[in-house]
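Understanding the architecture of this molecule
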Amino acid sequence: MLVKFFYYAHHSFPLPETHRFPQEKYTLLQNQITASSDFPKEDLIPAPEATDDQLRLAHSAEYIQQIRDGTLPRKLEREMGLPWSPELAKRVRHTVGATIMAARAALEDGIACTGGGGTHHAQWAQPQGYCLFNDIIIASRVLQQERLVSDVLVIDCDVHQGNGTALIAENDPSIFTFSIHCQKNFPARKAKSDLDIGLPSETGDADYMQALKSGLQQALTSFSPELVIYLAGADPFSGDRLGKLNLSYAGLKARDEYVLELCRQNGWPTVVTLAGGYGKDINDTVNLYYQSVKIAKMKQAQY
Ligand SMILES: [Zn+2]
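Numbers given for residues are sequential positions, taken from 1 along each chain in its written order. In view of the model being predicted, local features appear only for residues whose pLDDT reaches at least 70, and side-chain atom pairs are presented and counted only at 80 or more, with totals across whole chains, interfaces and linings using the full set of residues.

On to the environment of phenylalanine 39, then. Here phenylalanine 39 lies in the loop between α1 (20–35) and β2 (44–46). Here a residue counts as buried when 20 or more other C-beta atoms sit within 10 Å of its C-beta, as exposed when there are 12 or fewer, and as partly exposed otherwise, the C-beta atoms being derived from the backbone. The class for phenylalanine 39 is buried, based on 21 C-beta atoms found within 10 Å. Along the sequence, phenylalanine 39 and lysine 4 sit 35 residues apart, while their C-alpha atoms lie 8.6 Å from each other. Residues are treated as contacting if the C-beta atoms built from their backbones sit within 7 Å of each other. If we skip the residues at most four places from it in the chain, phenylalanine 39 touches Phe5, Ile33 and Leu44. Secondary structure follows DSSP: runs of H or I at least 4 residues long count as helices, runs of E at least 2 residues long count as strands, and numbering of each begins at the N terminus.

This next bit is on the environment of valine 159. Considering the arrangement of structural elements, one finds valine 159 in the loop between β4 (152–156) and α7 (163–168). As for valine 159 and glycine 277, which are separated by 118 residues in sequence, their C-alpha atoms are 8.9 Å apart. In this view, valine 159 contacts His181, Cys182, Asn185, Gly233, Asp235, Pro236, Gly243, Leu245 and Gly276; residues no more than four positions away in its chain are not counted.

To continue, consider unusual backbone geometry. Of note, the amide linkage connecting phenylalanine 186 to proline 187 takes the cis form, showing an omega dihedral of -5 degrees. In the Ramachandran plot, lysine 244 falls in the positive-phi region, its phi being about 75 degrees despite a non-glycine side chain. Summarising the element assignment, lysine 244 is placed in the loop between β7 (227–231) and α9 (249–266). With 22 C-beta atoms packed within 10 Å, lysine 244 lands in the buried category.

Another point: the packing of α9 against helix α10 (residues 282–301). Axes here refer to lines fitted to C-alpha atoms; in helices the fit is confined to the stretch in contact. Angles between the N-to-C directions go from 0 to 180 degrees. Contact geometry of α9 with α10 gives a least axis separation of 10 Å together with a crossing angle of 30 degrees. Relative to α10, α9 is oriented roughly parallel. The handedness of the crossing between α9 and α10 comes out as right-handed. Across the interface between the two elements, Tyr249, Leu252, Lys253, Asp256, Glu257, Leu260, Glu261 and Arg264 of α9 pack against Leu288, Gln291, Ser292, Ile295, Ala296 and Lys299 of α10. In this classification, the charged set is Asp, Glu, Lys and Arg, the nonpolar set is Ala, Val, Leu, Ile, Met, Phe, Trp, Tyr, Cys and Pro, and all remaining amino acids, among them Gly, are polar. Residues of the contact of α9 with α10, tallied by class, amount to six nonpolar, two polar and six charged. For classification purposes, angles smaller than 35 degrees are called roughly parallel, those larger than 145 roughly antiparallel, those between 65 and 115 roughly perpendicular, and all remaining angles oblique. By convention the crossing between two helices is left-handed if the near helix lies anticlockwise of the far one by an angle smaller than a right angle, and right-handed if it lies clockwise.

This is the structure we're talking about:
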């Protein structure tokens, strides 16, 4: 059994120039994975669009309509950080679809990956920071509704706080939100996750790992998940232009290995989403994503 990788089929919808930053990295990763002999073609699966009913598990009907029609108020479009386009509205539905598919596959295979996702700033009725729909909450609730899982642990290792996820799940004890991030970074106003670790700027590999380990230990004293959604953000990397932390390739590898080994040892089905990454050199971001997917593949083989 190999790790399945669910993605938005970039080649069928070319990227508008205005969306190159921040979305081109996903296209490049997809090209790299498709070209690699590490990943057999049958395990690379284009994801369907999420349905309105699925999106409604995390968002208001009015907001879903605004994204579909491009009628988002100007103020909210600014929060999005991207200009609205019909391509964007379609793409984000596939992104959510990929995370839902990966969650289902994780129940079968132990680990499954998405070629994007981890859009953790998206809130009930507004986008934020390149995130339109919250795939983490939606995928969790789709599986909960189908009674496939009850409790879901979100391990958010993107360098920015998972504020949207925290806000939507605020009164939902079935979703435990853990966020480890750079404290003096976007979003300026943090939400309250079930457990937050706000790291000082310039934190390096060793201190990061220590904080991650003790945070997860703490989270697991009070919560026992049936599904994990992992945000393997590439933006804690030292060469990231929006990160402000100082992790190396080896540090991020150790992070992924630690999280995924913990999940494997406990037998938790785990979805790997890629979340943010804004390398000064875009190839770093793509290589770091590739590194995460390869580690997932290795761990999956041991489930
Ligand atoms: Zn981020």
